[in-house]
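Structural features, examined
Spelled out from the first residue to the last, the chains are:
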Amino acid sequence: MYLYVKALHIIFIVTWFSGMFYIVRLFIYNTEASEKPEPEKSILTEQFGIMIKRLWLGITWPSAVLTLIFGPWMWYMYGHLDNWLAIKLCFVIGLYAYHWSLHIIYRQEQKGIFRFTSGQLRIWNEVATIFLIAIVMLAVVKQGMSLVWGFTGLLLLMVLLMSAIKIYKLARAKAGK
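Model, not experiment: these values are computed from the prediction.

Interaxial distance between helix H1 (residues 2-33) and helix H3 (residues 83-110) falls to 11 Å at its minimum, and their mutual angle equals 35 degrees. Judged by the sense of rotation from one axis to the other, the crossing of H1 with H3 is left-handed. In contact with Trp16, Phe17, Met20, Ile23, Val24, Phe27, Asn30 and Thr31 of H1, H3 contributes Leu95, Tyr96, Tyr98, His99, Leu102, Ile105, Tyr106 and Glu109. Tallied by class, residues from the contact of H1 with H3 come to twelve nonpolar, three polar and one charged.

Scored by pLDDT, the protein has a mean of 90; 96% of the residues are at 70 or more. For the protein, helix H5 (residues 147-175) is the element with the lowest average pLDDT, namely 79, and H1 is the one with the highest, namely 96.

Throughout the structure, instances matching the rule amount to twelve aromatic pairs. Ring geometry for Phe17 and Phe21: centres 6.0 Å apart, planes at 35 degrees, overall tilted. Remark: Phe21 and Phe17 occur in helix H1; sequence separation between them is four residues, near one turn of the helix. On the accessibility criterion, Phe17 (6% relative accessible area) is buried. Summarising the aromatic geometry, the rings of Trp56 and Trp61 are spaced 6.4 Å apart at their centres and angled 80 degrees between planes, so their arrangement reads as edge-to-face. Three or more aromatic residues link up through ring pairs in this structure, and these residues are Trp16, Phe17, Phe21 and Tyr96.

Attention now moves to H3. Over its 28 residues, H3 runs 41 Å from end to end, which matches the ideal 40 Å to within 8%, given 1.5 Å per residue. Phi turns positive, to about 85 degrees, at Gly112, one or two residues after H3.

Let us now look at the packing of helix H2 (residues 40-78) against H3. It is at 12 Å that the axes of H2 and H3 come closest, and there the two elements cross at 160 degrees. As the angle between them shows, H2 and H3 are arranged roughly antiparallel. Helix-helix and strand crossings are classified by hand; for H2 and H3 the assignment is left-handed. In contact with Gly49, Ile52, Lys53, Trp56, Leu57, Thr60, Trp61, Ala64, Thr67, Leu68, Trp75 and Tyr78 of H2, H3 contributes Trp84, Leu85, Leu89, Tyr96, His99, Trp100, Leu102, His103, Tyr106, Glu109 and Gln110. Grouping the constituent residues of the contact of H2 with H3 by class yields 15 nonpolar, six polar and two charged.

What follows covers the nonpolar core. Membership of the largest hydrophobic core comes to 31 residues, with the highest contact counts inside it found for Ile23, Val24, Phe27, Leu95, Tyr98 and Leu102. Looking at this core, the elements that each hand over two or more residues are H1, H2, H3, helix H4 (118-141) and H5. Element by element, the count of residues in this core is highest for H1, at nine residues. Setting aside its immediate chain neighbours within four residues, Val24 contacts Tyr98, Leu102, Leu121 and Asn125.

The rules behind the values
- Residues numbered from 1 in each chain as written.
- Predicted model: local features only at pLDDT ≥ 70, side-chain atom pairs only at ≥ 80, totals over all residues.
- Heavy atoms only, no water.
- Axes fitted to C-alpha atoms, helices over the stretch in contact; angles between N-to-C directions.
- Helix = DSSP H or I, 4+ residues; strand = E, 2+ residues; numbered from the N terminus.
- Left-handed = near helix turned anticlockwise from the far one by under 90°.
- Contact = heavy atoms within 4.5 Å.
- Nonpolar A, V, L, I, M, F, W, Y, C, P; charged D, E, K, R; others polar.
- pLDDT = per-residue confidence, 0-100.
- Phe/Tyr/Trp six-rings, centres within 6.5 Å; stacked < 30°, edge-to-face > 60°.
- Buried < 20%, exposed > 50% of the residue type's maximum accessible area, 1.4 Å probe, protein only.
- Expected span 1.5 Å × (residues − 1).
- Parallel < 35°, antiparallel > 145°, perpendicular 65-115°, else oblique.
- Core = buried A, V, L, I, M, F, W, Y, C linked by side-chain atoms within 4.5 Å.

This is the structure in structure tokens:
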């Protein structure tokens, strides 16, 4: 039974992350569409609004809930709390906080409120990447990972991601887009 619960947990983690990665891309496109002239603005924001709502409420939220059901169930079957699992759970709590921040953006954009620029949303999109890498490394490597090297690796990843975003922004500016 444990392996079935674990498989379902992994499936819903994958669909949840897929939803979180794609929803922010849709937020970016919707934000950029809101800056276009009419009638393009209305057409695009209406279409992106529909896509955002279906993805968020039809895939991302259900996946987050099912992940939350199967994760503790798997932990219960595992039987105890190791140090690596405690650290992983801290990242999971952070991931749910990130998910909630996306829900706030979702509600705002559904009302036509665009508080963040597309550049800010691009940076925010990478937060999910950091959580994904941290959680997967903790789940797979477990006790074989040094806490110091793990956090050092995460910091280097963040620097790399921020550098890539900066380079992308410069390339877009140079191309005139």
